[in-house]
Structure formats: structure tokens, C-alpha cells
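# Architecture and fold: a report
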Amino acid sequence: MTTKFDLVAIGEPLVVMIPDRPGPLRFAPRFERAMAGAECNALLGLARLGGRAGLISRVGHDEFGAFVLETLRGASVDTSRVVVDPTRRTGIYFKEELALDGQAHPTYYREGSATSALVADDIDAGYIAQSRALLVTGISALLSDNAYGAVTHALQIARSAGVMTLFDPNLRSGLWGSERARELLCPLLEYVDIFLGGEREARVLLDGDASWSTRELVEKLAAAGPVEVVLKRGAEGAAMLDATGAFFEQPVFRTTVKSAVGAGDAFNAGFLHARQRGDDPQVALRVGAICGAAVCAGTGDFETFPRESDLAAYLESTER
Ligand code: KDG
């Protein structure tokens, strides 16, 4: 069957406000407005590499909703299945990078947002069936009980249509389902082909023994359903168990880190792009790591994602 998309994702497009300096938000007088949202970051990355991408979501009938839609459309991401909700608002988050720990401390304004009103009826089965892959994350699944139903429904549709499914737990605090993440997300793993998650999150999800090695962890995850398991390990790089049971590791690409937020989403986009063009798993891990490092070099969530020509050059120079 000919497909219309390489990747369709379900997720919340967010406006992100990036302060002009590190430190507590109360001392930040100026912000840059940009676009974010884990699944959108991945779609924008894939589109940058020439992939055909589409979003299923809801945004508010407000200026920020118009902004995120324009950003997606400007990057050639299809938004025909994004409902504009007349009564709810588009979600926002503020970045806060504390100089002391270099970690991101996001503040969200998304409770009751348009995307949290996503329902199973918003999921167009034909749209998913026209894609080579579906990406969902623990963020969209845990926004609300109805969004959880919509994400579950989408995974089931993809599974019965033979569409490859990708899942990133992306555990966040403060969502409707955050406190029950394990109970709610683990049952979804049976519908997942490729698990792409942070190592720390994977340990939380499995409630595993801290002494499990990375290899033991990927094997336990694979036993829960996914055919392939990729773990993103921050400064430790990435690891993967492929469908044949082979285990690979990939060191991180060193870069000057301005903000690591969005790096995991960039990794997902790069990894998928490489797999879809036929690269073997080890090369796909490298492509993912390069895309993640590129995004770390910028303050935004996706803007410094590489173009295809840049990626080819990085790949070549790192092969040597
Ligand atoms: O992965 C990056 C995301 O954390 C960011 O874009 C905001 O989607 C977001 C979230 O829910 O944290």
C-alpha cells in the first residue's frame, strides 16, 4: 500500500517561553516565544530531514493556537487532523534553566488545555493507516483520561493496520496520570514495536531493581512487548536491543549544551528517519545521537535540528 506519511504523531503542541538568562523565572524580564511539545518536536525534526509528517491533536482557538499551526504548516507538517477547540486554550510552558545544575525546570500552563480534551473520536483510523509509523508518548497518554483513551485507540488502530508503532514514555510530573504512570503506561507496551525512552524513565516504568544493567533493562522491556528497545542515556549515549536480540551501544556526541530539552525527541526523529531509509540499527543509533546533540546546541526545542545535508556531513566526519 502506498503511504501518505512517514510519521503520524499524537501530541500536544505547546508554546514555549524561553527566558533570556538562566536563573529563577521571577528574575527573567524577557522571553523568546517558540514552539515545543515532545511529539511535535519529533515531527518537525523528521520533516526537516525530508520526512512526510502529520499531527493528530487539538489546539485552542487563540493566537498561540494559530502560531503553533503556522509553525507546523511552515515546516510542511500536515495539520489537517488538528481540531481547533473553540472553548479551550493552547498549552504553554516556560523554560527555566538554573545556572547551578544546568537542568531544565519547566513550568507548565496546560491544565484543561485544548489537547487534554482529545477524545477517541478525534483519531482518524484512515489517517493512521496511511502512515508508515505512529508515535505516541506518555505525555499525551497521561494528559487526561479521555486523551489516554484516544492514545490507546490509536495504538490499537495502528497495530491492526500493520503500522509501526513507536512509544516514548517521556515521564512528566503534574499531568492527570503522572502519579499512575506505571499502571497506565505499561499495558500500552503490548502495542508498541519500538520503545524509545530515557534509561531513568525505563527503570521507573518497570519499577526495576537499581542493580539491573542496561542490557538487563532492555531485555525486560522487550519481554513486555516492544520488538526493539532503544534507551537514551544522556551523557552516556544510547543503547539498543534489536529484533534479533543483538545489543548495541552508542557514545554521545559532545557538543556545547545550551539546553538539552528536546534532545530525546530529536533522537527519535533521527533514529526513525535512518531506519526508514534502510540504515542498520547501529547507524540509526548514530543518527539519533547526532540529531540529539544538534538540538542540545540551541536554546529551543527543535530549531537546531540538522538538515539532511548537515546530517550527511556529520555522519561522514564521525565515520572517519
Ligand atoms: O521533550 C521536550 C518536551 O518536554 C517539551 O517540548 C515540552 O512537551 C513538552 C512536555 O510536555 O514536557
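A brief structural summary. Here the structure is a predicted model, which means the values were calculated and not measured.

## Some remarks on the site of the ligand
In the vicinity of the ligand lie 14 residues, with Y108, R110, R172, D265 and D301 positioned nearest. A38 is positioned such that a nitrogen or oxygen atom in its backbone is 2.9 Å from an oxygen atom of the ligand. Contact with the protein chains covers 96% of the free accessible surface of the ligand, which is 310 Å². Taken together, the residues of the shell around the ligand break down into seven nonpolar, three polar and four charged.

## Some thoughts on the pairing of strand β12 (residues 238-241)
Side chains of β12 alternate between two faces, with A238 and M240 and A239 and L241 buried alike. Direction of pairing for strand β11 (residues 228-232) relative to β12: antiparallel, over a ladder of four bridges. By the bridge assignment for β12, V230 is matched with M240. In this antiparallel pair of consecutive strands, β11 and β12, the connection spans five residues, and G234 shows a positive phi of 60°. The turn linking β12 back onto strand β13 (residues 247-250) is made up of five residues, and G245 within it adopts a positive phi angle of 90°.

## Some thoughts on helix α5 (residues 145-161)
Across its 17 residues, α5 extends 24 Å between first and last C-alpha, which sits within 8% of the 24 Å expected from 1.5 Å per residue. Of the residues making up α5, those classed as buried are A147, Y148, A150, V151, T152, A154, L155, I157 and A158.

## Re the packing of aromatic side chains
Under the counting rule described, the total for this entry stands at seven aromatic pairs. Their ring planes at 75° and their centres at 5.6 Å tell us that F94 and Y109 sit as a pair that is edge-to-face. Taken together, the residues span a long stretch of sequence, with F94 in strand β6 (residues 92-94) and Y109 in strand β7 (residues 107-109) at a distance of 15 residues. Looking at Y109, the relative accessible area reads 54%, which means it is exposed. Seen in terms of ring centroids, F167 and F195 are 6.2 Å apart; in terms of plane orientation they differ by 55°. Their pairing is tilted.

## Structural notes on the sheet that holds β7
What the four strands build is an open sheet, ordered β3-β2-β6-β7; its pairing is mixed. Looking at strand neighbours, the two that pair on one side only are β3 (31-36) and β7, the edges of this open sheet. The sheet shows a mean angle of 25° between the axes of neighbouring strands, direction not considered. Judged from the three bridges that link them, β6 and β7 form a sheet pairing that is antiparallel. Counterpart to F94 in the pairing with β7 is T107. Across the sheet, helix α2 (residues 63-74) touches β2 (14-19), β3 and β6, and the angle it forms with β3 is around 60°.

## Here's the deal with the pattern of salt bridges
If charged atoms from side chains of opposite charge come close, those side chains can pair. Under the counting rule described, the total for this entry stands at 21 salt bridges. Note that E219 is salt-bridged to R215, the shortest N-O span being 3.1 Å. Placement of the pair is E219 and R215 together in helix α8 (residues 214-223), with a separation of four residues, close to one helical turn. Where salt bridges share partners, they join R58, D85, R88 and D122 into one cluster.

## Comments concerning the packing of helix α9 (residues 263-276) against helix α10 (residues 281-296)
Packing of α9 against α10 leaves a shortest axis separation of 7 Å and a crossing angle of 145°. Crossing hand, α9 versus α10: right-handed. Contacts between α9 and α10 pair A263, A266, F267, G270, F271, A274 and R275 from the former with P281, A284, L285, V287, G288, A289, C291, G292, V295 and C296 from the latter. Across the contact of α9 with α10, the residue classes tally to 13 nonpolar, three polar and one charged.

Reading guide: rules and limits
- The residue numbers shown here count from 1 along each chain, following its written sequence.
- In view of the model being predicted, local features appear only for residues whose pLDDT reaches at least 70, and side-chain atom pairs are presented and counted only at 80 or more, with totals across whole chains, interfaces and linings using the full set of residues.
- With hydrogens and water set aside, each side-chain value is computed from the structure's full complement of heavy atoms.
- Working definition: residue near molecule or strand if any one of its non-hydrogen atoms lies within 4 Å of it.
- N or O atoms closer than or at 3.5 Å make up a polar contact, with two conditions inside protein: a donor-capable atom paired with an acceptor-capable one, and, for residues adjacent in sequence, both atoms drawn from side chains.
- The accessible surface values rely on the Shrake-Rupley method and a 1.4 Å probe; as for residues, cover is taken only from the protein chains in view.
- Only Asp, Glu, Lys and Arg are considered charged in this grouping, and only Ala, Val, Leu, Ile, Met, Phe, Trp, Tyr, Cys and Pro are considered nonpolar; every other residue, Gly among them, is considered polar.
- Relative accessibility under 20% of the residue-type maximum defines a buried residue, over 50% an exposed one, and the middle range a partly exposed one, all with a 1.4 Å probe and only protein chains included.
- Each helix is a run of H or I in the DSSP string that is no shorter than four residues. Each strand is a run of E no shorter than two, and both are numbered from the N terminus.
- By the convention used here, strands pair only if DSSP detects at least 2 bridges between them.
- In this analysis, the expected span of each helix is defined as 1.5 Å times one less than the number of residues it contains.
- By convention, a stacked pair of Phe, Tyr or Trp rings (six-membered ring in the case of Trp) has centres within 6.5 Å and planes under 30 degrees apart, an edge-to-face pair has planes over 60 apart, and any other such pair is tilted.
- Angular values range over 0 to 180 degrees, each being the angle between N-to-C directions of two axes fitted as lines to C-alpha atoms, with helices fitted over their stretch in contact.
- Should any heavy atoms of two residues lie within 4.5 Å, those residues are counted as being in contact.
- A carboxyl oxygen of Asp or Glu within 4 Å of a side-chain nitrogen of Lys or Arg is what we treat as a salt bridge.
- Definitions for this section: a left-handed crossing has its near helix turned counterclockwise from the far helix by less than a right angle. A right-handed crossing has that turn clockwise.

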